[in-house]
Structures are given as structure tokens and as C-alpha cells.
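As a plain string of letters, each chain reads:
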Amino acid sequence: MAGSVNKVILVGNVGKDPETRTFNNGGKVCNFSLATSETWRDKQSGERRENTQWHNIAIFNENLVKVVENYVKKGSKLYIEGQLQTRKWQDRDGNDRYTTEVVLQRFRGELVLLDSRNGGGGGGGGYNMDQGGGSRSASTMEGPKEDFDLDDEIPF
């Protein structure tokens, strides 16, 4: 295989208010947990079941950190696009520990607010940092502006 892909896409709810820390060099990191859930009906009992997974999110992109600081709180619904990273650290007793996080790097990653401004559901603004470092805003719930009349006949 010529290359590989490390891409994570999550849609879920923020578990607690995001925490922002500032580094000595002035950079920032924002951390929070994101819950994703799946539900199903148990075939034998007919009961509704739910399985929730918690994901640690770390944002190093300063523009996205500003968005999170201003608009994201516990319960916010987000679309996150980032990379999986595992880092090694030592606890107070000197034991090696490992943490796996979804990381939005300085010039990569995407964050879309899925809540409306007044707290309800619906579309929100999207914030994306592409390879060039430019930012763009997009609405996530809009469809095509034109009504296309598609021909149902197959041309061959």
C-alpha cells in the first residue's frame, strides 16, 4: 500500500464544558469529551437498549479553540473530523500511561456546530481548517439552491 489514512469522523454530544489550557509559547489546546450513542431494540425482550462510547477530543487549532470557547458547552451537538493519536505519559508514581484522543491539529481538522444559536436542533456554522490554513464558514443543513430536473432515461 502506497499510503495510509488516519481519519476519524464523529457526531455526538459534549459531555462536559470544554477546558482550554495555554502553553508557555502562547499556543492553546482545548480538551473535552464527546459521547456517541447507538440504540437498538432487544429481539428477545423487546426493550430499547443503548450503548454510549466516550471519545477524548484535543483541539490544537487556535481558530477552532476560539469557536469552542465561545459557542460550545456541555450538551452541544458537534460534528468532529480529526485524527486518532495515542500519547504516552507518566502518572505521579512514574508508571507509563497511554491516552488515545481524536486530535484536530493546527492546520487540519473540522468542527461543525450542529445546534442552532438559541439551543435547539438544526444547522449551524461549520469551521474548517484546510491544509492552507484558511478558514471557511458553511451551513450544514442547506441543500442545492437550484431545483434540477433529472431525466429518468438511461442514455445507452
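Source: prediction; values computed, not measured. Residue indices follow the written sequence of each chain, beginning from 1 at its first position. Per-residue local features are limited, in this predicted model, to residues with pLDDT of at least 70; the limit for side-chain atom pairs, both in listing and counting, is 80 or more; totals at the level of whole chains, interfaces and linings are taken over all residues. Think of the side-chain values as coming from all heavy atoms in the structure, minus any hydrogens and water.

**Here we look at the overall build of the protein chain**
This is how it is decided: Going along the chain from the N terminus, every DSSP run of H or I of four or more residues is numbered as a helix, and every run of E of two or more is numbered as a strand. Whether a residue is buried, partly exposed or exposed follows from its accessible area with a 1.4 Å probe, protein chains only, as a fraction of its type maximum: under 20%, in between, or over 50%, in that order. We call two residues contacting when some pair of their heavy atoms lies within 4.5 Å. Only the protein chains shown count as cover for residues, with accessible areas throughout obtained via the Shrake-Rupley method and a probe of 1.4 Å.
When helices and strands are tallied, the protein chain shows one helix and nine strands. Counting from the amino terminus, the protein chain carries its helices and strands in the arrangement β-β-β-β-α-β-β-β-β-β. Across the 156 residues of the protein chain, 29% fall into the buried class. Sequence-distant contacts, at least 24 apart, represent 49% of the contacts inside the protein chain between residues at least 6 apart. Total accessible area on the protein chain is roughly 11,500 Å²; 45% of this is exposed by carbon and sulfur atoms.

**Looking at the pattern of salt bridges**
To be explicit about the condition: Salt bridge criterion: a side-chain nitrogen from Lys or Arg within 4 Å of a carboxyl oxygen from Asp or Glu.
Under the definition given, this model contains seven salt bridges. Note that K7 is salt-bridged to E81, the shortest N-O span being 3.2 Å. On the criterion of sequence distance, the pair formed by K7 in the segment before β1 (8-14) and E81 in strand β5 (residues 77-90) is long-range, its members being 74 residues apart.

**Topic: helix α1 (residues 62-71)**
Short version of the rule: Here the arc refers to the directions that run from the helix axis out to each C-beta atom. Any pair of N or O atoms that falls within 3.5 Å is considered a polar contact. Within protein, one atom must be able to donate a hydrogen and the other to accept it, and sequence-neighbouring residues count only if both atoms are side-chain atoms.
For α1, the full list of buried residues reads L64, V65, V67 and V68. Take α1 and look down its axis: the buried residues cluster within an arc of 160°, on one side only. The N-capping residue of α1, defined by a side-chain oxygen 3.0 Å from the backbone nitrogen of N63, is N61.

**Examining the nonpolar core**
Threshold: Throughout this description, the term nonpolar core refers to a set of buried Ala, Val, Leu, Ile, Met, Phe, Trp, Tyr and Cys residues connected via side-chain atoms within 4.5 Å.
Ranked by internal contacts, the top residues of the largest apolar core, which has 19 residues, are F32, I57, I59, L78 and I80. Going through the elements one at a time, β1, β3 (28-41), β4 (48-59), α1, β5, β6 (96-104) and β7 (110-113) are the ones with two or more residues in this core. At four residues, the largest contribution of residues to this core is made by α1. Once you skip the residues sitting within four places of it in the chain, L78 turns out to touch L10, V11, G12, V14, F32, L34, V72, L111, V112, L113 and L114.

**Quick notes on the environment of D91**
For D91, the position within the fold is in the loop between β5 and β6. For D91, a relative accessible area of 18% gives the class buried. A distance of 3.1 Å separates a polar atom in the side chain of D91 from a polar atom in the side chain of R97.

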